[in-house]
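Structural overview for review
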Amino acid sequence: MNPITPAGLFAEAEKARPEQCACVYMGRSFSYSELAKMADSCARAFAAIGVHEGCRVMIYMPMLPQAVACFYGLNLLGASAVLIKDDADPAACIKDAGIRAIVTLDSLYDKLAGIPELPTTIIARPQDAMDGIRKLSYILRKGRKVEKIPEDYGLLNWEGFLLGGKALRGEYRAEAQSDREAAAIYDGGFTLITNGEAARGEGASRIMSIHRALIEGKRCVLSPQ
């Protein structure tokens, strides 16, 4: 594994401290080993829907565990995460960046629904990364405020997305090389992150601050907001 890519750096951190807490989300702790398995599952699932080396996938959601796992999973494939800033235009991003797929939250889908020829879209929910009583509590308190997306829209939910990856057989990794972008921040243009180094700008700081903390062995606290 390329040691200077984000996925390579995270793999080294995971090898050194597999059972240490990497991040906490809504009271649930994820060890380095668990987060690495999530990233691997995301890489396999992306490959199953046709994402490959050089592709760009839009991550249109807060920095939930799913977003972090997608970032590393895409890097394992040699694909790039395109992180869209809150005030950017999703339609313009899809057109300008050549987006192959989208990962978004159910609460944000209404901002994408009217876009013609929408790429393969995966719908995640905050509760997908919760467990037990916390998941139930969240659904009862907040879940009802999000209008349910009709099943005939042809979207992939998070569980179905990961399930598709489990059926994939054979080699699927083509990890990013040092001269490839790991992520792009869209705000009407691109700010690139390469070789695991930080890019400038507000959009870049969210994922790179998490990445830097993880490779330094620091625990990250993630929020659904």
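The present account deals with the structure reproduced in this document. Treat the numbers as computed from the prediction; the structure is a model and nothing was measured. (Residues numbered from 1 in each chain as written. Predicted model: local features only at pLDDT ≥ 70, side-chain atom pairs only at ≥ 80, totals over all residues. Heavy atoms only, no water.)

Here we take up the side chain of T121. Structurally, T121 is set in strand 6 (residues 120–124). A polar side-chain atom of T121 sits 2.7 Å from the main-chain carbonyl oxygen of P119. Residues contacting T121, with those up to four places away along its chain left out, are I102, T104, L155 and L156. (Helix = DSSP H or I, 4+ residues; strand = E, 2+ residues; numbered from the N terminus. Polar contact = N/O pair within 3.5 Å; in protein donor to acceptor, adjacent residues only side chain to side chain. Contact = heavy atoms within 4.5 Å.)

With that out of the way, let us pick up the packing of aromatic side chains. Inspection of every chain in the model, using the stated rule, returns 5 aromatic pairs. Arranged with centres 5.7 Å apart and planes meeting at 20°, the rings of F10 and Y32 form a pair that is stacked. Pair noted here: F10 is in helix 1 (residues 6–16) and Y32 is in helix 2 (residues 32–48), with a separation of 22 residues, a long-range link. Residue class for F10 comes out buried when judged on its relative accessible area of 4%. Given a relative accessible area of 0%, Y32 falls into the buried group. Between F10 and Y72, the aromatic rings sit 4.7 Å apart at their centres with planes inclined by 20°, giving stacked as the arrangement. Taken as a pair, F10 in helix 1 and Y72 in helix 3 (residues 65–77) lie far apart in primary sequence, 62 residues in all. By relative accessible area, which is 2% here, Y72 ends up buried. Here the aromatic residues F10, Y32, F71 and Y72 are joined through ring pairs into a cluster of three or more. (Phe/Tyr/Trp six-rings, centres within 6.5 Å; stacked < 30°, edge-to-face > 60°. Buried < 20%, exposed > 50% of the residue type's maximum accessible area, 1.4 Å probe, protein only.)

Looking now at the state of the cysteines. With the rule as written, the count across this model stands at 0 disulfides. Just so you know, C70 is unpaired, no disulfide at all, and the nearest cysteine sulfur is the one on C42, 4.1 Å from it. Given the relative accessible area of 0%, C70 is considered buried. (Disulfide = S-S within 2.5 Å.)

What follows concerns the sheet that holds strand 9 (residues 190–194). The 7 strands lie next to each other as 7-6-5-3-4-8-9, forming an open sheet whose pairing is mixed. Among the strands making up the open sheet, the edge pair consists of strand 7 (156–157) and strand 9. Pairing of strand 5 (residues 99–105) with strand 6, which is carried by 5 bridges, proceeds in the parallel orientation. Along strand 6, the bridge assignment pairs L105 with A124. (Pairing = 2+ DSSP bridges.)

Turning our attention to the packing of helix 1 against helix 2. Between helix 1 and helix 2, whose axes approach to 9 Å, the crossing angle comes to 145°. Of the two elements, helix 1 crosses helix 2, and the hand of that crossing is left-handed. Counted together, F10, A13 and E14 of helix 1 and Y32, S33, L35 and A36 of helix 2 form the full contact between these two elements. Of the residues belonging to the contact of helix 1 with helix 2, the class tally is 5 nonpolar, 1 polar and 1 charged. (Axes fitted to C-alpha atoms, helices over the stretch in contact; angles between N-to-C directions. Left-handed = near helix turned anticlockwise from the far one by under 90°. Nonpolar A, V, L, I, M, F, W, Y, C, P; charged D, E, K, R; others polar.)

What follows is about the sheet that holds strand 10 (residues 220–222). Pairing within the open sheet is mixed, and its 3 strands lie in the order 2-1-10. Looking at strand neighbours, the two that pair on one side only are strand 2 (28–31) and strand 10, the edges of this open sheet. Strand-to-strand twist in this sheet, taken as the mean axis angle between neighbours without regard to direction, amounts to 25°. The sheet contact formed by strand 1 (residues 21–25) and strand 10 spans 3 bridges and is parallel. Across the sheet, residue Y25 finds its bridge partner in strand 10, namely L222.

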